[in-house]
Amino acid sequence: MQVIKKQSGAAFKLKKGQKLKVIDAEGEQVSDMVLFNAKDRREKLSSGKTLDFEESILISSGNFLWSNRSNKMAEILEDTNGRNDFLLAPCSPETFEVMYDYDGYHPSCFENLYTSLEKYEIQPDDIPTAFNIFMNVQFDEKGKISVDPPFSKAGDYVLFEAKMDLIVALTACSAEDSNNGSFKPIHYEILD
C-alpha cells in the first residue's frame, strides 16, 4: 500500500493488465488522476473522448477512460463510491486566485501532477483535464456547476485495469471545496 500525503502527488508506471486501486482512506478526499501512454507520452487521457464514447458525464464502474487518440487507456472495474468528475480541470495557483480570492502560495493538484511527472519528461503544458476520483460535481437545470462535499466514506475505492502500458499520476487534492474543507491522504495499490 502506497500513501500520498495530503496536498501532494505521486507518479508511477502501470503495465497493461495491471490493476490500480485508489482508496479514500479517511473519507471525503478527492484524487486527481492523469494517464499517459508509457510508450508515447503525446497520447494522454481525454475527458472529451471519454464523455463522448461513454455517452455520459458520470463515469464509474463499467466505463472506460479514453485517450486523445481514441484508444482505451483504462477500465473501471469497481467503484464503491460511484461519483467522480471529468468536467473540471486540476486546481492550480490561478484557481485559488480567481475562485478563492487567495493571495500567496497554495498547494495545487496541477503543481503536484507536473512535479511528480517531471521524471518522465512530462511538462506542465502536457497535463490534461484530470479524472477527479471521488469528486462530487453537481449541476442544476441551467447547467450551473457546484462542487459539493464528496460522498466517499473511509475505505471507498475505485479499481482500474490498465488497457495499455501507462504512466499514472495521482494527487491528494488541495482544493478546500472539493474535500469538504479538510485535507487527507490518498492510498493506492498496484495489483497484478
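The preceding data block contains the structure.
On a predicted model such as this, the values are computed, not experimentally measured, just so you know.

Chemist: What exactly am I supposed to notice about the pattern of salt bridges here?
Modeler: Side-chain pairs of opposite charge can arise whenever the charged atoms involved come near each other. What the rule picks out here adds up to 6 salt bridges. Note that Glu121 is salt-bridged to Arg41, the shortest N-O span being 3.5 Å. Note that Glu121 is positioned in the loop between α3 (109-117) and β8 (131-133) and Arg41 in strand β5 (residues 40-44), a separation of 80 residues in sequence. Note that Glu75 is salt-bridged to Lys163, the shortest N-O span being 3.4 Å. With Glu75 in strand β7 (residues 72-79) and Lys163 in the loop between β11 (156-162) and β12 (166-171), the pair connects residues that are 88 residues apart, well separated along the chain. Connected through shared salt-bridge partners, Asp40, Arg42 and Arg69 make up one network.

Chemist: I keep staring at the nonpolar core and nothing clicks. Help me out?
Modeler: Proteins that are soluble and globular tend to have nonpolar side chains buried together. Of all hydrophobic cores here, the largest spans 29 residues; its most connected members are Leu20, Met33, Leu65, Phe131, Phe160 and Leu170. Put simply, the parts of the chain that give this core at least two residues each are β2 (9-14), β3 (19-24), β4 (31-37), β7, β8, β11, β12 and β13 (186-191). Excluding its chain neighbours within four sequence positions, the residues that come into contact with Phe160 are Gln18, Lys19, Leu20, Val22, Met33, Leu65, Glu75, Ile76, Phe131 and Ile133. Tyr120, Ile122, Ala130 and Ala169 belong to the second-largest nonpolar core, a separate cluster that totals 11 residues.

Chemist: Would you mind going over the sheet that holds β13 with me for this structure?
Modeler: The pairing of strands in a sheet comes from backbone hydrogen bonds and takes either a parallel or an antiparallel form. Spatially, 6 strands are ordered β1-β13-β3-β11-β7-β6 in an open sheet, and the strand pairing comes out antiparallel. The sheet is open, and its two borders are formed by β1 (2-4) and β6 (64-66), each paired with just one other strand. Averaged over all neighbouring strand pairs, the angle between strand axes comes to 25 degrees, with direction disregarded. Where β3 meets β13, 5 bridges bridge the pair, whose relative direction is antiparallel. Within the sheet, the bridge partner assigned to Leu20 lies in β13 and is Ile190.

Chemist: Could you clarify how one ought to interpret a nonpolar patch on the surface in this entry?
Modeler: Residues Ile57, Leu58, Leu87, Phe139 and Ile145 make up a contiguous nonpolar surface patch of roughly 390 Å² in combined accessible area. Positionally, Ile57 belongs in the loop between α1 (47-54) and β6.

Chemist: Just to check I follow, could you spell out the environment of Ser108 for this structure?
Modeler: Examined against the element boundaries, Ser108 turns out to sit in the loop between α2 (93-98) and α3. We classify Ser108 as buried; its relative accessible area is 0%. It is 5.0 Å that separates the C-alpha atoms of Ser108 and Ser92, two residues lying 16 residues apart in sequence.

Chemist: Teacher, can you tell me more about a negative patch on the surface here?
Modeler: A cluster of like negative charges, contributed by Glu94, Glu97, Asp101 and Asp103, occupies part of the molecular surface. Tracing the backbone shows Asp103 in the loop between α2 and α3. Asp103 gets classed as exposed once you look at its relative accessible area, which sits at 78%.

Chemist: Is there a simple way to explain empty space enclosed by the protein in this structure?
Modeler: Rolled over the atoms, a probe as big as a water molecule pinpoints where empty space is left. Summed over all chains, the structure comprises 1 cavity of 30 Å³ or more. Here the largest cavity defines a volume of roughly 40 Å³. Forming the walls of the largest cavity are Ile57, Leu58, Arg83, Asn84, Asp85, Phe86, Leu87, Met135, Val137 and Phe139. The class makeup of the residues in the lining of the largest cavity is 7 nonpolar, 1 polar and 2 charged.

Conventions and cut-offs
- Residue positions are given per chain, counted from 1 along the sequence in the order it is written.
- Note on the predicted model: pLDDT of at least 70 is required for a residue's local features to be given, and 80 or more for side-chain atom pairs to be given and counted; whole-chain, interface and lining totals, by contrast, use all residues.
- Hydrogens and water molecules were not included; the side-chain quantities draw on all heavy atoms of the structure.
- We count a salt bridge whenever a side-chain nitrogen from Lys or Arg sits within 4 Å of a carboxyl oxygen from Asp or Glu.
- We count a stretch as a helix when DSSP gives it H or I for four or more residues in a row; a strand needs E for two or more, and each element gets its number in order from the N terminus.
- The criterion is simple. A nonpolar core is a set of buried Ala, Val, Leu, Ile, Met, Phe, Trp, Tyr and Cys residues joined through side-chain atoms within 4.5 Å.
- Classification of residues uses two cut-offs on accessible area relative to the type maximum, computed with a 1.4 Å probe and protein chains only: under 20% is buried, over 50% is exposed, and between them is partly exposed.
- Any two residues having at least one pair of non-hydrogen atoms within 4.5 Å are treated as being in contact.
- If DSSP finds at least two bridges between two strands, the strands pair.
- Angles here are taken between N-to-C directions and fall from 0 to 180 degrees, while the axes themselves are lines fitted to C-alpha atoms, restricted in helices to the stretch in contact.
- Patch membership requires over 30% relative accessible area and the absence of a salt bridge. Like charges are linked within 9 Å, and nonpolar side chains (Val, Leu, Ile, Met, Phe, Trp, Tyr) within 5 Å.
- Only the protein chains shown count as covering a residue, and every accessible area follows the Shrake-Rupley method with a 1.4 Å probe.
- Charge counting treats Lys and Arg as positive and Asp and Glu as negative, with His and both chain ends excluded.
- To locate a charge, the coordinates of NZ of Lys, CZ of Arg, CG of Asp or CD of Glu are taken.
- Method remark: on a 1 Å grid restricted to protein atoms, a set of points is classed as a cavity if a 1.4 Å probe fits but cannot get out and as a pocket if it is open with protein on both sides within 12 Å along at least five of seven lines; lining residues have an atom within 4 Å of a point.
- Grid points are joined across faces, edges and corners, and a volume is the space filled by probe spheres set on the points.
- All amino acids are sorted into three groups, where Ala, Val, Leu, Ile, Met, Phe, Trp, Tyr, Cys and Pro are nonpolar, Asp, Glu, Lys and Arg are charged, and the leftover types, Gly among them, are polar.

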